[in-house]
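# Residue-level structural notes
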Amino acid sequence: MPLTGEYEPSPSRWSRDQAELFERTGGAEGNTLRGKPIILLTSLGAKTGKLRKTPLMRVEHNGEYAVVASQGGAPTHPVWYHNLVANPLVELQDGPVRKDYTVRAVSGEERAEWWKRATAVWPDYDEYQTKTDRTIPVFVLTPV
Ligand SMILES: C[C@H](OP(=O)(O)OC[C@@H](O)[C@@H](O)[C@@H](O)Cn1c2nc(=O)[nH]c(=O)c-2cc2ccc(O)cc21)C(=O)N[C@@H](CCC(=O)N[C@@H](CCC(=O)O)C(=O)O)C(=O)O
């Protein structure tokens, strides 16, 4: 059941423009960052209940995805992190395919496994982790 609500564009122009181009073209355009594939995550705002759309690196394995709340190694989590904690039902669009997923934060061995997959796509995640004391959260999305 797709998420319903009013879309609230991100104040981050870079991310908003890519999210809107990706969605407008059914994932045919705006689908990479420095040549690496991205996905579009739609989450429900933890405070506003509005639909938030966030482009993130595409980390996929056997139909599940991981999203990494890195925000470039900033000292705080990206705000969308709080949406996934509060509302662990999201939509993820990969190319033209958009599906519903349940979300869970992973830790320990499972996180290490997904972290390896994530850095295989986007090696910069390792560098981001050296820039901050916070453990960068990794969420795994399982199709509903
Ligand atoms: C600017 C801020 O964005 P953010 O949610 O912190 O997310 C920051 C970034 O992670 C986001 O811009 C990502 O898209 C950046 N980004 C990646 N960011 C990552 O963290 N990881 C990635 O792998 C990643 C890849 C990527 C690829 C392409 C691209 O264009 C951007 C990419 C934002 O949208 N703030 C809103 C609030 C958004 C929100 O969700 N509000 C909640 C409240 C949440 C709460 O505070 O409880 C609500 O509506 O209720 C505002 O200030 O009004």
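The notes below deal with the structure included here.

Reading guide: rules and limits
- Throughout, residues of each chain are indexed from 1 in the direction in which the sequence is written.
- Reporting in this predicted model follows two pLDDT cut-offs: at least 70 for local features of residues, and 80 or more for side-chain atom pairs to be given and counted; totals over whole chains, interfaces and linings ignore these cut-offs and use all residues.
- Working from all heavy atoms in the structure, the side-chain values ignore hydrogens and water.
- A pair of aromatic rings is counted whenever rings of Phe, Tyr or Trp (Trp by its six-membered ring) have centres within 6.5 Å, and the orientation is called stacked for planes under 30 degrees apart, edge-to-face for over 60 and tilted otherwise.
- The helix and strand labels rest on DSSP assignments: H or I over at least four residues marks a helix, E over at least two residues marks a strand, and numbering proceeds from the N terminus.
- Our definition puts a charge over a ring when NZ of Lys or CZ of Arg is within 6 Å of the ring centre and also within 35 degrees of the ring normal.
- Think of it this way: one heavy atom of a residue within 4 Å of a molecule or strand is enough to make that residue near it.
- Here a polar contact is recorded for every N or O atom pair within 3.5 Å, except that within protein the pair must consist of a potential hydrogen donor and a potential acceptor, and residues adjacent in sequence are included only if both atoms are side-chain atoms.
- In short, Shrake-Rupley with a 1.4 Å probe defines the accessible areas, and a residue's cover is counted only from the protein chains shown.
- Residues are grouped as follows: Ala, Val, Leu, Ile, Met, Phe, Trp, Tyr, Cys and Pro are nonpolar; Asp, Glu, Lys and Arg are charged; every other residue, Gly included, is polar.

## Description of the packing of aromatic side chains
Tallied over the entire structure, the rule returns five aromatic pairs. On the numbers, 5.7 Å between centres and 85° between planes, the contact of Tyr65 with Tyr101 is edge-to-face. With Tyr65 in strand S5 (residues 64-68) and Tyr101 in strand S7 (residues 97-105), this residue pair connects regions lying 36 residues apart in the sequence. An aromatic cluster is built from Trp80, Tyr81 and Phe139, whose rings are joined through pairwise contacts. A cation sits over an aromatic face here: Lys53 above Tyr7, 5.9 Å from the ring centre. The ring of Trp114 carries Arg117 above its face, with NZ or CZ at 4.5 Å from the centroid.

## Structural notes on the site of the ligand
By nearness alone, 27 residues border the ligand, and Gln18, Lys47, Thr48, Val79 and Tyr125 come closest of all. Take Trp14: an N or O atom from its side chain is 3.3 Å from an oxygen atom of the ligand. In the model, a nitrogen atom of the ligand is placed 3.1 Å from a nitrogen or oxygen of the Ser70 side chain. Surface burial for the ligand is 82%, taken as the share of its 1,000 Å² of free accessible area covered by protein chains. Listing elements by their share of the shell around the ligand, those giving two or more residues are helix H1 (13-24), strand S3 (51-57) and helix H2 (80-86). The dominant element in the shell around the ligand, judged by the number of residues it contributes, is S3, at five residues. The residue makeup of the shell around the ligand, split by class, is 14 nonpolar, 11 polar and two charged.

Note that all results are geometric; they support no functional claim without further evidence.
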